[in-house]
Amino acid sequence: MADAQTPFVPKGERRFDSTQTCGYQPSTAGEACGKPGAWHVMWDAELDNSITCNEHMELIQRRWMYIDRHPITSDCTMPGALWIFLNDRCEYPSETSAEKAVVREVPA
Ligand SMILES: [Zn+2]
Ligand SMILES: [Zn+2]
């Protein structure tokens, strides 16, 4: 390993499309992984979040800190969807979810 071992994941460019493919990009590679996403990972309180495949979720668990994750759903990358910590998923805001759950808006 040439790079320093820090607990903070190196963040790539924020992606503006709503694809649900793995965004993991090794520093030596020119492109993101691109496999179908399996997990939605929240990195920090700034709500930076990523889609990742099963293989790279294992790497993330060994290597980096994150504050929450859940299996990906169709709402995950939709603009305006909220990260629902208690329900372990993203979903569109509704009166019930706003009352019952700890919610944070995920930046598009
Ligand atoms: Zn991947
Ligand atoms: Zn999600």
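You'll find the structure just up there.
Residues numbered from 1 in each chain as written. Chains lettered and ligands numbered in written order. Predicted model: local features only at pLDDT ≥ 70, side-chain atom pairs only at ≥ 80, totals over all residues.

## What about the overall build of the protein chain?
Note the cut-off: Each helix is a run of DSSP H or I of at least 4 residues and each strand a run of E of at least 2, with the numbering of both proceeding from the N terminus. Think of it as a crowd count around each C-beta: if 20 or more other C-beta atoms lie within 10 Å the residue is buried, if 12 or fewer it is exposed, and in between it is partly exposed, with C-beta placed from the backbone throughout. By definition, residue pairs are in contact when their C-beta atoms, positioned from the backbone, come within 7 Å.
Within the protein chain, the secondary structure is distributed over two helices and six strands. Reading the helices (α) and strands (β) of the protein chain from amino to carboxyl end gives β-β-α-β-β-β-α-β. Residues counted as buried form 22% of the 108 residues belonging to the protein chain. Once local pairs closer than 6 in sequence are excluded, the contacts in the protein chain between residues at least 24 apart make up 38%.

## Quick look at the nonpolar core
Rules: Among buried residues, those of type Ala, Val, Leu, Ile, Met, Phe, Trp, Tyr and Cys that are joined through C-beta atoms within 7 Å form a set called a nonpolar core.
Leu 82, Trp 83 and Cys 90 are the most contacted members of the largest nonpolar core, which totals 15 residues. Sorting the residues of this core by element identifies β1 (39–42) and β4 (82–84) as the ones contributing at least two each.

## A few points about the sheet that holds strand β3 (residues 68–71)
Selection rule: We call two strands paired when DSSP finds no fewer than two bridges between them. To obtain each axis, a line is fitted to C-alpha atoms, and for helices this fit is confined to the stretch in contact; angles are then taken between N-to-C directions over 0 to 180 degrees.
Strand order in the open sheet formed by three strands is β2-β1-β3, with antiparallel pairing between adjacent strands. Only two strands of the sheet have a single partner each, and these edge strands are β2 (49–52) and β3. The mean inter-strand angle of the sheet, taken between neighbouring strand axes irrespective of direction, is 20 degrees. The pairing of β1 with β2 spans four bridges and is antiparallel. Pairing of Val 41 across the sheet is with Ser 50, part of β2.

## Things to note about unusual backbone geometry
The phi angle at Leu 47 is positive, at roughly 70 degrees, despite the residue not being glycine. With respect to the element layout, Leu 47 can be found in the loop between β1 and β2.

## Description of the environment of Ala 81
If you trace the backbone, Ala 81 turns up in the loop between β3 and β4. Looking at Ala 81, the number of C-beta atoms within 10 Å reads 20, which means it is buried. Each C-alpha atom of the pair Ala 81 and Glu 91 lies 5.1 Å from the other, and the pair is ten residues apart in sequence.

## Thoughts on the environment of Arg 62
With respect to the helices and strands, Arg 62 occurs in helix α1 (residues 54–63). Overall, the presence of 7 C-beta atoms within 10 Å leaves Arg 62 in the exposed class. In this structure the C-alpha to C-alpha distance between Arg 62 and Pro 7, which are 55 residues apart in sequence, comes to 9.9 Å.

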